[in-house]
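Report on the structure
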Amino acid sequence: MTFVTRFAPSPTGPLHLGHAYSALLAHDMARDANGTFLLRIEDTDTSRARPAWETKIYDDLNWLGLTWAQPVLRQSEHLERYNSLLMQLAKDGLVYPCSCRRSDIRAALSAPQEGVTTPPVYPGTCRGRPMSSRKPGDALRLDMARAVARLDTPVTFEDNGPLHTGQHSVDADSLVKQTGDAVLGRKEIETVSYVLAAVIDDAVQEITHVIRGADLFDTTPLQVLLQRLLDLPTPTYHHHRLIRDDTGKRLAKRDDARAIAKYRADGATPEDIREMVGLASLFEQNPRE
Ligand code: GLU
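Described below are features of the structure shown in this document.

The rules behind each value
- Residues numbered from 1 in each chain as written.
- Predicted model: local features only at pLDDT ≥ 70, side-chain atom pairs only at ≥ 80, totals over all residues.
- Heavy atoms only, no water.
- Near = heavy atom within 4 Å.
- Polar contact = N/O pair within 3.5 Å; in protein donor to acceptor, adjacent residues only side chain to side chain.
- Areas by Shrake-Rupley, 256 points an atom, 1.4 Å probe, with all protein chains shown as cover.
- Pairing = 2+ DSSP bridges.
- Helix = DSSP H or I, 4+ residues; strand = E, 2+ residues; numbered from the N terminus.
- Axes fitted to C-alpha atoms, helices over the stretch in contact; angles between N-to-C directions.
- Buried < 20%, exposed > 50% of the residue type's maximum accessible area, 1.4 Å probe, protein only.
- Arc of directions from axis to C-beta.
- Contact = heavy atoms within 4.5 Å.
- Parallel < 35°, antiparallel > 145°, perpendicular 65-115°, else oblique.
- Left-handed = near helix turned anticlockwise from the far one by under 90°.

This next bit is on the site of the ligand. Around the ligand, the surrounding shell consists of Arg 6, Ala 8, Ser 10, Glu 42, Tyr 194, Arg 212 and Leu 216. Taking Ser 10, its side chain carries an N or O atom lying 3.0 Å from a nitrogen atom of the ligand. For the ligand, the accessible surface in isolation is 300 Å², of which the surrounding protein chains cover 85%.

Structure, rendered in structure tokens:
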């Protein structure tokens, strides 16, 4: 069976132990399956992404001993592709412009993180506005009720990670009530949200297995719905455990103390990092956590 997976960091800060775990796990699983490990730089958030962070990502991953198939996909080079699929959804009547509060929209645009309060489901204030009324600074939202009405079967996906093992089925009602009218197009014209760009590129890169942190598990039903609407394949998912700090909190970009660069500067070896995240040697079989 073909096995293609990817590591998809956003260059908005230093890679930390959590990223190391995700990248090493995806790399090792691809190696064990005689598959392909790809790298994707998710740099569409121009307010936060920095080329210097991207350079450090390559450097840290190389130091960890990882290699990946070329080319690296840099999302900032493909904005037209995302925008044209977003416009396809708009033509289908599934997207509307929204000028609601900036803070709600900003929260909805970043990849969600455990421990960060999820924004309330959008109340639908702008729902029904025609695309022709889009003004500069308006975001674009998915009309979730109309979107789910297009499907004749529930959204389903398989997770083979240890935390959510099995087949998941999400009905239309939960998508409307729990996800709601998600932001797909950002306020900056021609820039799309993480959820949509990632779905499109998983298809472009022919990803068969998405291996990523459990903090993204709740985003998966929306991403599978987008695959269905855009006629894209649904990969198998593997949401892995999160690496936590001593107080049990999930590591975040601002946890510089756990940055791979910090451990390197302190003299740690790549093997030490593997041990710290519970993935022993490159050359040993490891139990998958
Ligand atoms: N770019 C996302 C992040 O850094 C990961 C997206 C994914 O793996 O689907 O959190």
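Back to the write-up after that little detour.
Here we take up the sheet that holds strand E8 (residues 183-185). The strand order E4-E5-E8 describes an open sheet built from 3 strands, whose pairing is antiparallel. Two strands bound the open sheet, and with one partner strand each, they are strand E4 (95-98) and E8. Strand-to-strand twist in this sheet, taken as the mean axis angle between neighbours without regard to direction, amounts to 45 degrees. In terms of strand pairing, E4 meets strand E5 (residues 139-142) through 4 bridges, oriented antiparallel. Looking across to E5, one finds that Cys 98 is bridged to Ala 139.

The next point concerns helix H10 (residues 270-277). For H10, every residue scored as buried is listed here: Ile 273, Arg 274 and Val 277. Along the long axis of H10, the arc covered by the buried residues comes to 100 degrees, so they all point the same way. The secondary structure elements touched by the buried residues of H10 are helix H1 (17-32), helix H2 (51-63) and helix H9 (260-265). Positive phi appears at Gly 278, one or two residues downstream of H10, with a value of about 85 degrees.

Packing of helix H7 (residues 194-204) against helix H8 (residues 220-230) brings their axes to within 10 Å, and their N-to-C directions diverge by 55 degrees. The angle between the axes of H7 and H8 places the two elements in the oblique class. When you trace H7 past H8, the crossing you get is right-handed. Along its contact with H7, which presents Tyr 194, Val 195, Leu 196, Ala 198, Val 199 and Ile 200, the element H8 presents Leu 222, Gln 223, Leu 226, Gln 227 and Leu 230.

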